[in-house]
Amino acid sequence: GLTLVGASSSVNDNEFVATGPLTAGTYYVQIVGVGAAVNVYNISMEPTAGSATTVYYVNDNSLDNGFYTLAVGDDLNDGLTALTPKATVQSVLSDYILSTTDRVVVDTGTYSSGGTVTITVDDESAIYAGAPDGSVFTYGGTRFEMIDSDFNVFFDLTIGGSNGGKGFHAHGNAVDDSTNNEFRFNKLPGSSVGIRIDGGEADLIRDNIITGSGSDGIKINGGLSVEIRDNSIIGRTDAIEAYSDAASIHDNTLSGTGRGIRISSGAANIFDNDVTGVTTGIAASGAITNIY
């Protein structure tokens, strides 16, 4: 049996259909299998005809531990259904113009080709979500680059491999910065710099796990009012380095680094961080407005 708590539904043979439309909120799916049998389930949520949301699907060349898709990825596909996923995120950006109602879901797997995912002002404000079993980007150089691109969300993606580069790099062009971007619940063991932001404002870096022997876990090079909170950073030369005004750095766990927090210029509010096993806890040549 299959039950969706919080919504009316119908079940036809092995297919469950919510009779929605569902209002915004959190829903829970309960699946009960037949004892001593092999039970295979695929769950997907497709926007209805009246929905403004578009979901774009990406998968590697395997169906192992699939979460979003039902076929291997191919950039010749349209990427619009679970049965026709693309093989790279960049192909989605090349074929479509993304905006606030768009979601790019990246299924379980290893993404070793396709090069840097470049997001410009033409494709800003979408959400990019990985799968619980790991959506791992291992190609060399910067994995995701934002150029004058605002309000993007990156959730549960993994920057792996041993190819260095930057995991996420947000910066401007000759006219405008990238602003209001969110980086949440990502894992970054395989980049020289985990997350770098040049300029911009109102960015959020939260609940990421950054490990490995690279230079900077998080580097903020200019800009305003970035919030860095609840991240775990292990083994970097500088866990967090900021040249930024009004940076708020709090509730992070930093260990095994050369410097826990380095404020090179600008001002920062620093509080409630757990800094252990580092050469220097806080190094500041800029202004720290609060530290507690």
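Residues numbered from 1 in each chain as written. Predicted model: local features only at pLDDT ≥ 70, side-chain atom pairs only at ≥ 80, totals over all residues. Heavy atoms only, no water.

1. Things to note about the overall build of the chain
How we decide: In this description a helix means any DSSP run of H or I spanning at least four residues, a strand means any run of E spanning at least two, and both kinds are numbered starting from the N terminus. Per-residue accessibility, obtained with a 1.4 Å probe over protein chains only, is compared with the maximum for each type, and a residue is labelled buried under 20%, exposed over 50%, and partly exposed between these values. Here, residues are in contact when the closest pair of their heavy atoms is within 4.5 Å. For the area figures, the Shrake-Rupley method with a 1.4 Å probe applies, and any residue is considered shielded solely by the protein chains shown.
Looking only at helices and strands, the chain features one helix and 28 strands. Looking at the chain residue by residue over its 292 residues, the buried ones come to 42%. Taking as baseline every contact in the chain between residues at least 6 positions apart, the subset at least 24 positions apart corresponds to 44%. Of the roughly 13400 Å² that the chain leaves accessible, carbon and sulfur atoms contribute 51%.

2. Points about the packing of aromatic side chains
Note the threshold: Note on aromatic pairs: the rings of Phe, Tyr and Trp (six-membered ring only in Trp) are paired at centre separations within 6.5 Å, and the planes decide the class, stacked below 30 degrees, edge-to-face beyond 60, tilted for the rest.
Counted according to the given criterion, the structure contains 13 aromatic pairs. Ring geometry for F67 and Y68: centres 4.9 Å apart, planes at 85°, overall edge-to-face. On the accessibility criterion, F67 (45% relative accessible area) is partly exposed. Each ring, one from F168 and one from F183, has its centre 5.4 Å from the other, and the planes form 55°; the classification is tilted. Taken together, the residues F168 in strand 14 (residues 166–171) and F183 in strand 15 (residues 182–184) connect sequence positions 15 residues apart. Here F183 falls in the buried class, since its relative accessible area comes to 0%. Through pairs of rings, three or more aromatic residues link up here, namely Y111, Y128, F137, Y139, F144, F154, F168 and F183.

3. Quick word on the pattern of salt bridges
Should the charged atoms of two oppositely charged side chains come close, the side chains can pair. Short version of the rule: Within this document, salt bridges are pairs made up of a side-chain nitrogen of Lys or Arg and a carboxyl oxygen of Asp or Glu, the two lying within 4 Å of each other.
Taken as a whole and assessed by the stated rule, the structure comprises eleven salt bridges. Here E241 makes a salt bridge to R262, at a shortest N to O gap of 3.4 Å. In this pair, E241 is assigned in strand 23 (residues 238–250) and R262 in strand 25 (residues 259–271), connecting sequence segments 21 residues apart. You can call R262 partly exposed: its relative accessible area is 26%.

4. What to know about the nonpolar core
Condition: Throughout this description, the term nonpolar core refers to a set of buried Ala, Val, Leu, Ile, Met, Phe, Trp, Tyr and Cys residues connected via side-chain atoms within 4.5 Å.
Counting 43 residues, the largest nonpolar core has Y128 and F168 as its most contacted members. Ignoring any residue separated from it by four or fewer positions in sequence, one finds Y128 in contact with V89, L93, L98, V104, I119, D123, N152, V153, F154, F155 and L157.

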